[in-house]
Number of protein chains: 2
Amino acid sequence: MPRAYLAAMKASLDTVFAALGDPTRRAILSMLLEDDMAVTDVADPFDMSLAAISKHLVILANAGLITQEKRGRVKWCKLEPDALKQASVWMQGFGQFEPVNLDDFERFLAAELGENDDDDAGGDDG
Amino acid sequence: MPRAYLAAMKASLDTVFAALGDPTRRAILSMLLEDDMAVTDVADPFDMSLAAISKHLVILANAGLITQEKRGRVKWCKLEPDALKQASVWMQGFGQFEPVNLDDFERFLAAELGENDDDDAGGDDG
DNA sequence: TGCATCTTCAACCTTTTGGTTGAGTATGAA
DNA sequence: TTCATACTCAACCAAAAGGTTGAAGATGCA
């Protein structure tokens, strides 16, 4: 098999993309965009046991997408966006996309919400 | 749950990232970077049945990452890099990465091969 | 010490995923 | 028509993923 294909099969990309494949884990990453959080607080908005969230966090940590640091009883979770970089490089290699900025990201989120979220009555800030 | 998290859970992102989570499927995408291919030819380098590859192709097509067009007996598979774009936007929203160009991509592939592939004697350029 | 809190572990369950095989369909060629 | 090629379908299987529950460690507090 040609060598570039081996690179595409690299394990680290594997763990990153597999981690991103689960919607709960992507939601967790989005939450951590705003601030570091304790495991309990990460779990809070989800309709799922703490143990399940704990497992998701292990998967994210193994992929390098977050780090966890215990201070006292509390284990703090921190987003590590650098781990996304190699995956991003891989993806952009395909499309030669133009660079994307935060504006694009926010517009993207807004568009997604417009499609999805019809219980969002009002509260639209521009 | 805050609205941005819902966006992070969007189904289309889900299918794209889940599709990318499998190393065989990423390898297929890499192969299609070079040229459109028939299903049989896609399957050829893999140590796996044609039926298995056929299923992978369905997953890639459902994620919008490829399209398939039947001409005669042959079903041609074509890379659709645009589907990667929204995933790329999502990822870049996290890191505010600098734009990446094809050079970066190739350097990335080279570095991966350096780590992995020790039958690669020489060819190390800084 | 005793108790509450934060988190993980272990055992278990169900569903999904990724693979196989053999048969079946569609097309092309002789 | 007959045969070969290109691909998919259906049934099945094993392993992995994602969830649950209850118990068990750590740690902090009174």
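For the structure itself, consult the block above.
Every chain is numbered independently, its residues counted from 1 as its sequence is written. To label them, take the chains in the order written and letter them from A, then take the ligands in the order written and number them from 1. Given that the model is predicted, a residue must reach a pLDDT of at least 70 before its local features are reported, and side-chain atom pairs must reach 80 or more before they are shown or counted; all residues, however, enter totals for whole chains, interfaces and linings. The side-chain figures draw on all heavy atoms in the structure; neither hydrogens nor water molecules are used.

Caption draft 1: Summary view of the protein's contact with DNA strand C. Throughout, near means a residue has at least one heavy atom within 4 Å of the molecule or strand. Of all residues adjacent to DNA strand C, which total 20 residues, the nearest are Thr-40 and Ser-54 of chain A together with Ser-49, Lys-55 and His-56 of chain B. Backbone atoms, meaning sugar plus phosphate, form 66% of the atoms of DNA strand C positioned within 4 Å of the protein. Taking Asp-22 of chain B, its side chain carries an N or O atom lying 3.4 Å from a phosphate oxygen of DNA strand C. Within the side chain of Arg-73 of chain B, a nitrogen or oxygen atom sits 3.3 Å from a sugar or linking oxygen of DNA strand C. Only DSSP runs of H or I covering at least 4 residues are called helices, and only runs of E covering at least 2 are called strands; the numbering of each starts at the N terminus. Only helix 4 (39–43), helix 5 (50–62) and strand 3 (74–79) of chain A together with helix 5 (50–62) of chain B provide two or more residues apiece to the surface near DNA strand C. Residue classes follow a fixed rule: Ala, Val, Leu, Ile, Met, Phe, Trp, Tyr, Cys and Pro count as nonpolar, while Asp, Glu, Lys and Arg count as charged, and any other residue, Gly among them, counts as polar. Of the residues that constitute the surface near DNA strand C, the class distribution is eight nonpolar, five polar and seven charged. Each polar contact in these results corresponds to two N or O atoms within 3.5 Å; when the atoms are within protein, one needs to be able to donate a hydrogen and the other to accept it, and residues that are neighboring in sequence are counted only if both atoms are side-chain atoms.

Caption draft 2: Representation of the environment of Glu-69 of chain B within the structure. Residues and elements named next belong to chain B. The residue Glu-69 is located in strand 2 (residues 66–71) in this model. The buried label goes to any residue with under 20% of its type's maximum accessible area, the exposed label to any with over 50%, and the partly exposed label to all in between, with areas taken from a 1.4 Å probe on protein chains only. Judged by relative accessible area, Glu-69 falls into the partly exposed class, the value being 45%. C-alpha separation for the pair Glu-69 and Ala-38, spaced 31 residues apart in sequence, amounts to 9.5 Å. Of the polar contacts made by the side chain of Glu-69, one reaches the side chain of Arg-71; its length is 3.0 Å.

Caption draft 3: Quick look at the pattern of salt bridges. By definition, a salt bridge exists where a carboxyl oxygen of Asp or Glu is found within 4 Å of a side-chain nitrogen of Lys or Arg. Following the criterion strictly, the structure yields four salt bridges over all chains and no others. The residue Arg-71 of chain A makes a salt bridge to Glu-69 of chain A at a minimum N-O spacing of 3.1 Å.

Caption draft 4: Main features of the protein's contact with DNA strand D. Taken together, 20 residues are adjacent to DNA strand D, and Lys-55 and His-56 of chain A together with Thr-40, Ser-54 and Lys-75 of chain B come closest. Here the atoms of DNA strand D within 4 Å of the protein split so that 66% fall in sugar or phosphate, with bases taking the remainder. Side-chain polar atom of His-56 of chain A to a phosphate oxygen of DNA strand D: 2.2 Å apart, as the coordinates give it. A distance of 3.3 Å separates a sugar or linking oxygen of DNA strand D from a polar side-chain atom of Arg-73 of chain B. Grouping the constituent residues of the surface near DNA strand D by class yields eight nonpolar, five polar and seven charged.

Caption draft 5: Broad picture of the sheet that holds strand 3 of chain A. Residue and element names in this part refer to chain A. By this definition, two strands are paired if DSSP reports at least two bridges between them. With antiparallel pairing, three strands are arranged side by side in an open sheet as 1-3-2. Strands at the two margins of the open sheet, each flanked by one partner only, are strand 1 (37–38) and strand 2 (66–71). Inspection of the sheet shows strand 2 paired to strand 3 by six bridges, in the antiparallel sense. Looking at the pairing, Thr-67 lines up with Lys-78 of strand 3. Should any heavy atoms of two residues lie within 4.5 Å, those residues are counted as being in contact. As a rule, the C-alpha atoms of each element are fitted with a line to give its axis, helices using only the stretch in contact, and angles between N-to-C directions run from 0 to 180 degrees. Relative to strand 3, helix 3 (residues 23–34) is tilted by about 90 degrees, and along the sheet it contacts strand 1, strand 2 and strand 3. On top of the sheet, helix 5 reaches strand 2 and strand 3; it is set at about 120 degrees to strand 2, its chief contact.

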